[in-house]
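One-letter residues, chain by chain:
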Amino acid sequence: MIIDLEPFLNVEGLVKELDYTVDLSGEEFLGGKPFNAPVSVKGILSNHSGIVTVDADADFTMSVCCDRCAKPIDFPYDIAINHTLVASLNDEENDDLLLVEDIKNFNLDELVTDDIFLNLPSKFLCSEDCKGLCPKCGKDLNDGPCSCRKEIDPRLAALTQLLDN
Ligand SMILES: [Zn+2]
Ligand SMILES: [Zn+2]
């Protein structure tokens, strides 16, 4: 979505409701294209007492694989997009301010996309207690134990024997 920011920078109290979707289906992440469904962006763009801000939430589902068992999963995720937009910066650097160079053609999609990629998780699990795959035979241990014999530390073996008795 391209927005002309000029009115927002000049008119106090101006509010625009944001409720639209961004298509990231062509974007790659971790070697795949996980954004099958459009990203929903909801929030407001407003000038409050002369300060122009974007306050929105981006909601989406990523089609990825569990890091432990490799099962395909739909991973729901959402991030907050909060920025103060300015047309010029004063001398002091301020990381909280986002300088918009082309105020007539502010590209909100780019901002949303950048924020999403900066905040994506690096690990995906099908469940917190996913048991993963056996490193030897590759069996999905969520479906039950495999028949591989575990090499057990002799001290642990003694303990196991004690527990078995
Ligand atoms: Zn898993
Ligand atoms: Zn095994």
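What you see is a predicted model, and the numbers here were worked out from it, not measured in a lab. (Residues numbered from 1 in each chain as written. Chains lettered and ligands numbered in written order. Predicted model: local features only at pLDDT ≥ 70, side-chain atom pairs only at ≥ 80, totals over all residues. Heavy atoms only, no water.)

Asker: It is not clear to me how the coordination of the zinc ion (ligand 1) should be interpreted in this structure. Could you clarify?
Answerer: The reference angle at a metal is 109.5 degrees if four donors form a tetrahedron and 90 or 180 degrees if six donors form an octahedron. Protein-derived coordination of the zinc ion (ligand 1) comes from Cys66 (SG), Cys69 (SG), Cys126 (SG) and Cys130 (SG), at a distance range of 2.3 Å. One way to put it: the four donor atoms around the zinc ion (ligand 1) meet at angles of 106 to 112°, and that makes the site tetrahedral. One chain supplies every donor to the zinc ion (ligand 1), and in sequence these donors are spaced C-x2-C-x56-C-x3-C. Here Cys69 is found in the loop between strand E4 (51–65) and strand E5 (72–86), whereas its partner Cys130 is found in the loop between helix H2 (108–119) and helix H3 (154–164), with 61 residues between them in sequence. A relative accessible area of 6% means that Cys130 is categorised as buried. (Donors = N, O, S within 2.8 Å, 3.2 Å for Na, K, Ca; no water. Tetrahedral: all angles 85-135°; square planar, octahedral: opposite > 155°, others 65-115°. Helix = DSSP H or I, 4+ residues; strand = E, 2+ residues; numbered from the N terminus. Buried < 20%, exposed > 50% of the residue type's maximum accessible area, 1.4 Å probe, protein only.)

Asker: Looking at this structure, I do not really get the nonpolar core. What am I missing?
Answerer: Side chains of a nonpolar character, in soluble globular proteins, are inclined to be buried together. In this structure, Leu5, Leu45, Met62, Leu108 and Ile116 are the most contacted members of the largest nonpolar core, which totals 36 residues. For this core, the elements supplying multiple residues, two or more each, are strand E2 (15–22), strand E3 (39–48), E4, E5 and H2. Considering every element that reaches this core, the biggest residue donor is E4, with seven residues. Residues within four places of Met62 in sequence aside, it is in contact with Phe29, Pro34, Phe35, Ile73, Asp74, Phe75, Leu120 and Phe124. (Core = buried A, V, L, I, M, F, W, Y, C linked by side-chain atoms within 4.5 Å. Contact = heavy atoms within 4.5 Å.)

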